[in-house]
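Results of the structural survey
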Amino acid sequence: MSWRVTLPCNRAEGEAVGQMEDPFADHPNPPVIVADEPDEHRPDDWRIHAYFEAEPTAAELAVLAGLASGEPVIEELADEDWVTRSQAGLEPIEAGRFFVRTPAHAAREGAINFLIDAGLAFGTGHHHTTCGCLAALDRMASAGKRFERIADIGTGTGLLAFGAMALWPEALAIATDIDPISIDVTRDNALLNGVALGEGQGELALAVANGMAHPALAERAPFDLLIANILAGPLIELAEDFVAATVRGGTILLAGLLDTQADAVTAAYVERGCRLVEPGEGEWRVLVLKRE
């Protein structure tokens, strides 16, 4: 038998699951922990799920209680592969030519396929923003846009960097994140998907960086495509650095913000010499800007 613990949480708590250091790192048999947004029309109502092979102890429940403000619900599950069960609820991302899946789903013929494992996955609320970013990248490529220097800031799982490299395979690309665990995850996902790692053209460089504060970013700037799927607050705080690191005529792709935050984020970039090309739509906005 296996067990699942579900905790209601808010958006910030759910998103933190994908970025945090593993709270069960020293556990001999740690649970798989994922988060999701069950109703896209209620963007602040999330859930955290933890899957255990045995009934969780009081100490384990106490650790989980520190991740969310809601009361935990404990369920005993049927005898099955509980890792597969944890993946099964993560529906694939379909965006333009891209098809992003967990091992619970088969690859799609004719698509640009990426495999992301459940514990490293897009089950956290970046599902909508990730989909929007991939669709925007695909539209740029279909319109004939070409990029030679690409940066994915706050890469998370590496997925957007992988997508950009699939569309512009000769580019110099770098993916960074403030969290070293995210860079480890990106490295694992790159190996899983056959993405070449390295410093040269057609290879993805990786670095742990707080915003733009890393020598590898300074050496590669200015970029003609800068991607940042993070949160509205950091997008505004980093606007000056992002614009300065983008070549004139270059593209800045921003996501991780709600429609109510789009005007403030847009204004921070327009004030610094950018023009809004695509305002995005829906509750989760993806902004495409051009540096003039």
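About the thresholds
Residues numbered from 1 in each chain as written. Predicted model: local features only at pLDDT ≥ 70, side-chain atom pairs only at ≥ 80, totals over all residues. Heavy atoms only, no water. Helix = DSSP H or I, 4+ residues; strand = E, 2+ residues; numbered from the N terminus. Buried < 20%, exposed > 50% of the residue type's maximum accessible area, 1.4 Å probe, protein only. Contact = heavy atoms within 4.5 Å. Areas by Shrake-Rupley, 256 points an atom, 1.4 Å probe, with all protein chains shown as cover. Salt bridge = Lys/Arg side-chain N within 4 Å of Asp/Glu carboxyl O. Polar contact = N/O pair within 3.5 Å; in protein donor to acceptor, adjacent residues only side chain to side chain. Phe/Tyr/Trp six-rings, centres within 6.5 Å; stacked < 30°, edge-to-face > 60°. Pairing = 2+ DSSP bridges. Axes fitted to C-alpha atoms, helices over the stretch in contact; angles between N-to-C directions. Right-handed = clockwise from strand over helix to strand, strands pointing away.

On to the overall build of the protein chain. The helix and strand inventory of the protein chain stands at 10 helices and 14 strands. A buried classification covers 50% of the 292 residues belonging to the protein chain. Contacts in the protein chain between residues far apart in sequence, at least 24 positions, make up 68% of those at least 6 positions apart. For the protein chain, the computed accessible surface area is about 13000 Å², with 51% contributed by carbon and sulfur atoms.

The next subject is unusual backbone geometry. Cis geometry marks the peptide bond from Ala 221 to Pro 222; its omega dihedral reads 0 degrees. With respect to the secondary-structure elements, Pro 222 resides in the loop between helix 7 (215-220) and strand 11 (223-229).

Enumeration according to the criterion identifies 8 salt bridges in this entry. Residue Glu 75 pairs with Arg 4 through a salt bridge whose shortest N-O separation is 2.9 Å. On the criterion of sequence distance, the pair formed by Glu 75 in strand 4 (residues 73-77) and Arg 4 in strand 1 (residues 2-9) is long-range, its members being 71 residues apart. Note on Arg 4: relative accessible area 15%, which makes it buried. Glu 199 serves as the salt-bridge partner of Arg 220, at 3.1 Å between the closest nitrogen and oxygen. Of this pair, Arg 220 sits in helix 7 while Glu 199 sits in the loop between helix 6 (180-193) and strand 10 (204-208), and the two are 21 residues apart along the sequence. A relative accessible area of 9% places Arg 220 in the buried class.

So, on to the environment of Glu 199. For Glu 199, a relative accessible area of 57% gives the class exposed. Separated by 25 residues in the primary sequence, Glu 199 and Ile 174 have C-alpha atoms spaced 8.3 Å apart. Discounting chain neighbours no more than four positions away, the residues touching Glu 199 are Leu 172, Ala 205 and Arg 220. A polar contact is formed between the side chain of Glu 199 and the side chain of Arg 220, at a distance of 3.1 Å.

Next up on the list: the packing of aromatic side chains. The full count for this structure, using the stated rule, is 4 aromatic pairs. Ring centres of Phe 98 and Phe 114 lie 6.2 Å apart, and the angle between their planes is 20 degrees; on these two criteria the pair is classed as stacked. Of the two residues, Phe 98 sits in strand 6 (residues 98-101) while Phe 114 sits in strand 7 (residues 112-115), which places them 16 residues apart along the sequence. Like Phe 114, Phe 98 is buried. With 6.0 Å between their ring centres and 45 degrees between their planes, Phe 114 and Phe 162 make a pair best called tilted. Of the two residues, Phe 114 sits in strand 7 while Phe 162 sits in helix 5 (residues 159-167), which places them 48 residues apart along the sequence. Its relative accessible area of 5% is what places Phe 114 among the buried residues. The class of Phe 162 is buried, set by a relative accessible area of 1%. Three or more aromatic residues joined by ring pairs make a cluster, and in this case those are Phe 98, Phe 114 and Phe 162.

This part takes up the sheet that holds strand 6. Spatially, 5-6-7 is the arrangement adopted by the 3 strands of the open sheet, whose pairing is mixed. In the strand order of this sheet, the two ends are held by strand 5 (93-95) and strand 7, each with one partner. Strand-to-strand twist in this sheet, taken as the mean axis angle between neighbours without regard to direction, amounts to 15 degrees. Pairing analysis gives 3 bridges linking strand 5 to strand 6, with the strands arranged antiparallel. By the bridge assignment, Ile 93 is partnered in strand 6 with Val 100. Helix 5 rests against strand 6 and strand 7 of the sheet, and its axis sits at about 155 degrees to strand 7.

Turning to the sheet that holds strand 8 (residues 149-153), a few remarks are in order. Sheet strands pair by backbone hydrogen bonding; their relative direction is either parallel or antiparallel. Ordered in space as 10-9-8-11-12-14-13, the 7 strands form an open sheet in which the pairing is mixed. Each edge of the open sheet carries a strand with a single partner, namely strand 10 and strand 13 (274-278). In this sheet, adjacent strand axes meet at a mean angle of 20 degrees when their direction is disregarded. Pairing of strand 8 with strand 11 involves 4 bridges; the strand directions are parallel. Its bridge partner lying in strand 11, Asp 152 is registered against Ile 227.

For strand 8, a buried count of 4 out of 5 residues is recorded, marking the element as mostly surrounded by other parts of the structure. Relative to strand 9 (residues 172-177), strand 8 runs parallel, the two sharing 5 bridges. The partner of Ile 150 across the bridge, within strand 9, is Ala 173. With respect to chirality, the unit in which strand 8 leads through helix 5 into the neighbouring parallel strand 9 is right-handed.

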